Amino acid sequence: MEKYDVAIIGGGSAGLAALKQLSNLGKQAILLEAGSEIGAKNLSGGILYSKKPQKGQVSNVEKIYENFLDDAPFERKITKYILHSTSKDKVYSMDLTAAHEYQSNFGYSVLLNKLNSWFAKQAIESAEKLGGGIIPGVHVKSITWNESGNAIIQTDELDEFEVKAVIAADGVNSEIADMVGARPKFTPTQLYQGVKVIVKLPEEIIEKRFGISSDEGAAHLFAGDVTLNHIGGGFLYTNSDTLSVGAVYHYHSQLENPTEPSALIDALLKNPMISEFIKDDVPIKSKIDKSLPQEEQLRIRFAVAKQIKNWNEIRSSYLSSSGRQRLIDSGKYKIDEDIKTRLDGIENQLTKLGVTFGSDYVEAEYGAKLVPDGKRCRMQKPFFKNILFVGDAAGRGIFVGPRIEGLNVGIDDGVRAANAVAKAIDKNDFSANSLGEYYSKETENSPYTTDMKQIDKNYLKIFLDATKDVPKDLIGARYGPILKMMSNEKLRGIAVKFANILGYEKLLPMIESEDTYVKIPIQLAERLGEIVSQSYSPSIPSIADRIGNLSYNDDNSSHIKVLNPNSEFMKKMVTLCPAKCYSEEGGNVIIQHEGCVDCGTCSQETEWRHPRGEKGIHYKYG
Amino acid sequence: MGQLNVAVIIKLEPDFSEGNVSYNPDGTLNRAETKNTLGPHSGIAAHAAFFAKVMYDAKVSIGTMGPPIADLALQQAQQISDAEELHLYSDRLFAGADTLGTAEVLKTGIHKMKEKMDIVFSGHRASDGETGQTGPQTAWKLGFTFLGNVVSYTVDMETRTIRAKRLISLQGTPDVLEEIEAPLPVFISIDPTYKSSFDKVSQRLAFQKYKKEAEKRADNYKDYFTMFNADEIGVAKSLVGLPGSPTIVYKVERVPKSTATRKAEVIDGSDPEAIRKAVGKMKEALDAMVIK
Ligand SMILES: Cc1cc2nc3c(=O)[nH]c(=O)nc-3n(C[C@H](O)[C@H](O)[C@H](O)COP(=O)(O)OP(=O)(O)OC[C@H]3O[C@@H](n4cnc5c(N)ncnc54)[C@H](O)[C@@H]3O)c2cc1C
Ligand code: SF4
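Here the structure is a predicted model, which means the values were calculated and not measured. (Residues numbered from 1 in each chain as written. Chains lettered and ligands numbered in written order. Predicted model: local features only at pLDDT ≥ 70, side-chain atom pairs only at ≥ 80, totals over all residues. Heavy atoms only, no water.)

Focus on the sheet that holds strand β22 (residues 530–531) of chain A
All names here are of chain A.
- One open sheet accounts for 8 strands, arranged β17-β11-β14-β13-β12-β4-β5-β22; its pairing is mixed. The two strands at the open ends of the sheet, each matched to only one other strand, are β17 (362–372) and β22.
- Sheet strands touched by helix α23 (residues 514–528): β4 (78–87), β5 (90–95), β12 (217–224), β13 (232–238) and β22. Its angle to β4, the strand with the most contacts, is close to 85°. (Pairing = 2+ DSSP bridges. Helix = DSSP H or I, 4+ residues; strand = E, 2+ residues; numbered from the N terminus. Contact = heavy atoms within 4.5 Å. Axes fitted to C-alpha atoms, helices over the stretch in contact; angles between N-to-C directions.)

Thoughts on the interface of chain B and chain A
- If you look at the interface, chain B gives 13 residues, while chain A gives 21 residues.
- With both sides pooled, the region where chain B packs onto chain A buries about 1,500 Å², and carbon together with sulfur makes up 52% of that total.
- When the buried area of chain B at its contact with chain A is split by residue, V201, R204 and L205 of chain B rank highest and sum to 39% of it.
- The interface formed by chain B and chain A holds 2 salt bridges in total.
- Partitioning the side of chain B that touches chain A into residue classes produces 4 nonpolar, 2 polar and 7 charged. (Buried area = accessible area lost by both parts, 1.4 Å probe. Salt bridge = Lys/Arg side-chain N within 4 Å of Asp/Glu carboxyl O. Nonpolar A, V, L, I, M, F, W, Y, C, P; charged D, E, K, R; others polar.)

Considering the site of ligand 2
- Near ligand 2 there are 13 residues, and of these C577, C596, C599, G600 and C602 of chain A occur at the shortest range.
- Split into classes, the residues belonging to the shell around ligand 2 amount to 11 nonpolar, 2 polar and no charged. (Near = heavy atom within 4 Å.)

Overview of the domain arrangement of chain A
Residue and element names in this part refer to chain A.
- On domain assignment, one finds that chain A holds domain 1 (2–74 + 110–183 + 379–453), domain 2 (76–109 + 187–279 + 361–371 + 513–541), domain 3 (285–355), domain 4 (457–511) and domain 5 (550–618).
- Listed as interface residues are 7 residues of domain 1 and, on the opposing side, 4 residues of domain 4.
- Summing the contributions of domain 1 and of domain 4, the shared interface buries around 430 Å²; its carbon and sulfur component is 52%.
- Looking at the side of domain 1 facing domain 4, the largest losses of area belong to V400, R403 and K453, adding up to 61% of the total buried there.
- If you look at where domain 1 meets domain 4, you find 0 salt bridges.
- Here domain 1 is connected to domain 4 by 0 residue pairs in polar contact (both at pLDDT 80 or more).
- Sorting elements by how many residues they give to the side of domain 1 that touches domain 4 places helix α17 (residues 447–453) first, with 3 residues.
- A per-class count over the side of domain 1 that touches domain 4 returns 3 nonpolar, 1 polar and 3 charged. (Domains from an automatic or database assignment. Polar contact = N/O pair within 3.5 Å; in protein donor to acceptor, adjacent residues only side chain to side chain.)

A few points about the site of ligand 1
Residues and elements named next belong to chain A.
- In the neighbourhood of ligand 1, 35 residues make up the surrounding shell, with E33, S44, I47, D392 and G406 lying closest.
- In this structure, an oxygen atom belonging to ligand 1 sits 2.9 Å away from a side-chain N or O atom of S44.
- Protein burial of ligand 1: of its 1,000 Å² of free accessible surface, 98% is covered by the chains.
- Counting residues per element, the ones that place at least two in the shell around ligand 1 are α1 (13–24), β2 (30–33), β17, β21 (403–405) and α15 (407–427). (Areas by Shrake-Rupley, 256 points an atom, 1.4 Å probe, with all protein chains shown as cover.)

Focus on the sheet that holds strand β1 (residues 5–10) of chain B
Residue and element names in this part refer to chain B.
- Spatially, 9 strands are ordered β9-β8-β7-β10-β6-β1-β4-β5-β11 in an open sheet, and the strand pairing comes out mixed. Strand pairing shows two members of the sheet lacking a second neighbour, β9 (176–183) and β11 (225–228), which therefore form its edges. When the angles between neighbouring strand axes are averaged without regard to direction, this sheet yields 30°.
- Across 8 bridges, the pairing between strand β8 (residues 161–168) and β9 is antiparallel. Note on β9: the bridge partner recorded for R166 is E178.
- In the packing of helix α1 (residues 40–56) onto the sheet, contacts are made with β1, β4 (59–65), β6 (119–122), β7 (145–156) and β10 (186–190), and the angle to β1 comes to roughly 170°.
- Across the sheet, helix α3 (residues 99–112) is in contact with β1, β4, β5 (85–89), β6 and β11; its angle to β5 comes to roughly 145°.

As structure tokens, this is what we get:
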């Protein structure tokens, strides 16, 4: 049997950081990833932060990947952060850029397929020199221990092998945690359900519409009626030439009052402010004259398809300064005007073929995944024997107000785990008492853990400042006195201390309630909001079209098995599965696994596994 | 133990994949318009050579006889196999060669390669009308043991022997997997069903490493590339091209296509009514197929 010092399971941003750090420390490590390539299975919102906490140290992305700022394929540096309260066509907006900038060096919008592949490239380069590396397309299915305490790893694809330590970076639906019994599965109260679509929009339209320059970006957050009465909210982040529009809702609130996840996204897309944000010119095909000979009909159809493809490609390059440069460098065009002439030419041809141009939006990818709320579910001791849990697998996500931080936390965890393993290699002691306890202490000392445990009064003040113009009667009897106390500099300290003594557990039901996310925002919008008019109605794809548009490598057998086909929970999955994999027949719930996006929503009451290596969903954006 | 040296002989072929192939009005292949690519069977042979690279750290060389544009096929095969030597044998003299004439060029080319070969791989056959003889004839000219239809193999580096599984399919009898052992050097014609499998962590690591190296090399394939004419490889001119090709293509007869017995109908996919009709017809057909 082959033997290695350490195996990292899962090649998301957390696992990759662990590999990079181990390699930086001169230790050989191998990383196993189920997806056919790195980035295929990862999904985020997402803003990747680099933080400078007042107390303690974190390992930021640009420290681990030295050339991150020069070379990494991030999207835009977020420079505007605005919270909108919505009610029908009314919107009340609050600038929370100060909250976004709080204790942070920067926050970039990112797309994980691209970014994680870049991380992988950097990590492999260092890892290979030490005889390690990344093995994609391999799904770990079991871990056992031999008499010397080493872990024996079994996969669906490879011969079993032996390691002294494991870093479990297998995400929120960690099978490793489940199979070794390191912790119970996360419960709906501890989780949020995230759904997201990627919307295409040319670079310069984004910049003009959001009032940003080519190296700036905007984040817009939404609460109010767009939540369809769920606890949570919506977001819209600008990427280079796409937008990420997503909804993140407390899973528990979803179970109590199930709404189709795609409907939650649709509610956002239909909101007048968001529809205007995502609006673009799109070609609209007309019906082909059926009286024409069939060959002629086919010819027209092919010509239209080909020209629309050309139009899209040239237009998105034309509306981007780097795109124009690329076209000119390629030698096909001399000056910008030439590109415009070509574009006009294609438009003319399309018009002749019966194509018209109108307003709509273009959706490129749909996806969903659970997000762990670290306040409620972080592992107190994120290890089991010689397995260290990092990132989402350890339940370490930060949810404070509209802010979600999982990427930066996972990266920092990955580094802490790598440091702990490197130390264990030097001491040749991989016991839980040494390796596990050391890592556990390290994560406990992480400023991120503090964020998961305590309210930060300075962060809170930013919100209070932003709401200072809001009439207090609007906030309601329940919050009025608290707010009053919080607004007072001296009392705030005492109040926060008191709140922290009570602990998040007691406070959360009050902070994260329908009042906060739904009722108060609706009233705010109605009383103080401005009317946003909508110039078109977006044609939103059906869920079947959305799933049809995704890439899969089908597995003939299902990775998920329904345990109790007539439980209340499973019946709710018919509505709550974002990919519509479940249906009810004669009182029994059945699964068709082919469209599954591995989100984990149904894992509570199913025998849930990730698909075998290379199988299942393959995100192109993520 | 020594180094393992393998060569692959490949072929540039018309790309029969959708959108790349072009026909003359009379239905024959329009060679000028049709794009060219590495032949699919050659691709499989390159994969088999890459297996030797990953498993035994073999040194891979590739040779092909063809027009100057065949460097494209060499580049594609290099990207699969991580070869470090690419040979193109190109000369007007080689034109009109049959399989025997081709085999003579390839044999001479293989002798010209830097290393003394332990295994030479070829595809099962070419997809543009070659008859599957080039491989065996090259083997015979090289004096190597010929192993046909190989679906998997391992090499014992100590004893320098190869163990290979051959798929033998004869019409009317069940398929047989024959396992054979032979001392190196051998010539392997690879079966179309061949698929490399890597079951160990170390093999997967090597696979990733060499795959990356292969991509890098293929980006700069010219650094590995040499073109030879007849004089440069030093082939006996009487044995190549037309003079070296005893086969005479006397006449090519087009076999008339039988008219289709199916009745096809073009359906507009955007018309729900048309789709409904089609599904109805499919149901009807399926029902008829069930033995009642
Ligand atoms: C809608 C949404 C919005 C978000 N917004 C933000 C944001 O703005 N900012 C932010 O910081 N965070 C955000 N997050 C959270 C963030 O995306 C996650 O915290 C982060 O991606 C988790 O990274 P990870 O490496 O821990 O896990 P993952 O990225 O989930 O990676 C786990 C990997 O392990 C692999 N794997 C799993 N099981 C196995 C197995 N058995 N064998 C082999 N491989 C396996 C998987 O294929 C996967 O690649 C958001 C999340 C969502 C869903
Ligand atoms: S089947 Fe389960 S894991 Fe898959 S998409 Fe549906 S809810 Fe998510």
